[in-house]
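Chains, contacts and geometry: an overview
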Amino acid sequence: MKISPSILAANLTKLSESLGKLDINAADFIHLDIMDGHFVPPITFGEQISAAIKKETTIALDVHLMTSNPEAEVLKYIPLEPHNITFHYEATKFPVRLAEQIRKSGIKPGIALNPSTPIAVIKDIYTFFDLFLIMTVEPGYYGQSFLPNSLARIAEFNELRKSLSEKTDHFPLLEVDGGVNADNAVMLREAQVDIAVAGSFVFKSDDPCAQIEILKGK
Ligand code: DX5
Ligand code: ZN
């Protein structure tokens with residue numbers, strides 16, 4: 001299981017120091033939580049802080065847009081050449097068109113599902129996305145508890161991914177986000193999660209890399 005530390009949970013006044021604590025051999029990605037004060041209540045940071053983060057690290061960026069109007073927001077993150085740009089299913093009527101636009105830019109399109117969005121919605125959009133992000137908390141804040149129905153949702157996703165991959169020859173990544181810690185990491189690894197985002201568990205420690213190793217079961 002790869003780990004994508006959410007920089008939102010680090011000390012935002014000491015970004016450079018926090019990024020310096022992430023070793024490329026431990027942190028597979030840096031997760032950027034973009035919140036617009038509209039799709040979710042808080043505002044975090046945008047493309048300029050994200051560009052500053054990119055300058056400070058060689059670790060691949062994992063962009064998570066928790067914004068309304070992702071059609072406009074996506075354009076701001078394409079120049080950063082992240083590994084993926086993930087927008088929310090609940091935020092757009094035209095997910096396929098936007099996915100194709102991201103793919104044309106050479107970036108993996110990702111789509112995030114809130115905990116109350118049925119997993120079955122992936123069926124009709126499956127081949128257009130390289131990454132599905134299953135939210136394991138409601139988006140908006142770091143430090144929340146992992147929602148108990150998440151494991152059943154991950155299992156449902158895996159069943160669907162199995163049958164759809166046989167039909168389409170497409171096998172997208174499964175990422176989970178919210179409340180990931182040492183207690184649930186074992187279950188997530190067993191559930192074939194490809195990437196787990198972790199904010200507080202990684203950054204509320206003096207040794208983020210050691211925390212990442214714990215999540216990886218090393
Ligand atoms: C929640 C964000 C998450 C959050 C993760 O809205 O999308 O990425 O920062 O933080 P933890 O691991 O503390 O739940
Ligand atoms: Zn996130």
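Counting restarts for each chain: residues are numbered from 1 in the order of the written sequence. Lettering for chains starts from A, numbering for ligands starts from 1, and both go in the order in which the items are written. It should be noted that, the model being predicted, local features are given only for residues of pLDDT at least 70 and side-chain atom pairs only at 80 or more, the latter also being counted only at that level, while totals for whole chains, interfaces and linings use all residues. To obtain the side-chain values, all non-hydrogen atoms of the structure were included, while hydrogens and water were left out.

1. Examining the site of ligand 1
One heavy atom within 4 Å of a molecule or strand makes the whole residue count as near it. Within the structure, ligand 1 sits among 19 residues, and Asp 33, Gly 140, Asp 177, Gly 199 and Ser 200 are positioned closest to it. N or O atoms closer than or at 3.5 Å make up a polar contact, with two conditions inside protein: a donor-capable atom paired with an acceptor-capable one, and, for residues adjacent in sequence, both atoms drawn from side chains. His 31 places a polar side-chain atom, nitrogen or oxygen, 3.3 Å from an oxygen atom of ligand 1. Note that an oxygen atom of ligand 1 is positioned 2.9 Å from one of the backbone N or O atoms of Gly 143. For ligand 1, the protein covers 99% of the area, taking 380 Å² as the surface of the free molecule. Strands here are runs of E lasting at least two residues and helices are runs of H or I lasting at least four, both read from the DSSP assignment and numbered beginning at the N terminus. Broken down by secondary-structure element, the contributors of at least two residues to the shell around ligand 1 are β2 (29-35), β3 (60-66) and β8 (195-198). By residue number, the principal contributor to the shell around ligand 1 is β2, which donates three residues. Each accessible area value is a Shrake-Rupley result obtained with a 1.4 Å probe; residue values ignore everything except the protein chains displayed when judging cover.

2. A look at helix α6 (residues 182-190)
Since the α-helix packs 3.6 residues into each turn, any two residues three or four apart lie on the same face. Those residues of α6 that sit buried are Asn 184, Ala 185 and Leu 188. Projected down its long axis, α6 shows its buried positions confined to an angular sector of 115°, all on one face. Facing away from the buried surface of α6 by more than 90 degrees, the exposed residues are Asp 183 and Glu 190. In what follows, a contact means two residues having at least one pair of non-hydrogen atoms within 4.5 Å. In this structure, the buried side of α6 is in contact with α5 (150-168), β7 (173-177) and α8 (208-216). If you check the start of α6, you find a side-chain oxygen 2.9 Å away from the backbone N of Asp 183, and it comes from Asn 181. In the segment just after α6, Gln 192 is the residue with positive phi, at about 60°. Under the scheme applied here, a residue whose accessible area is under 20% of the maximum for its type counts as buried, over 50% as exposed, and between as partly exposed, the area being computed with a 1.4 Å probe on protein chains only. The arc in question is formed by the directions pointing from the helix axis toward the C-beta atoms.

3. Some remarks on the environment of His 31
Inspection of the secondary structure assignment puts His 31 in strand β2. Along the primary structure His 31 and Ser 68 are separated by 37 residues, whereas in three dimensions their C-alpha atoms are 19 Å apart. With residues near it in sequence (within four places) discarded, His 31 still touches Ser 4, Pro 5, Ser 6, Ile 7, Asp 62, His 64, Glu 175, Asp 177 and Val 197.

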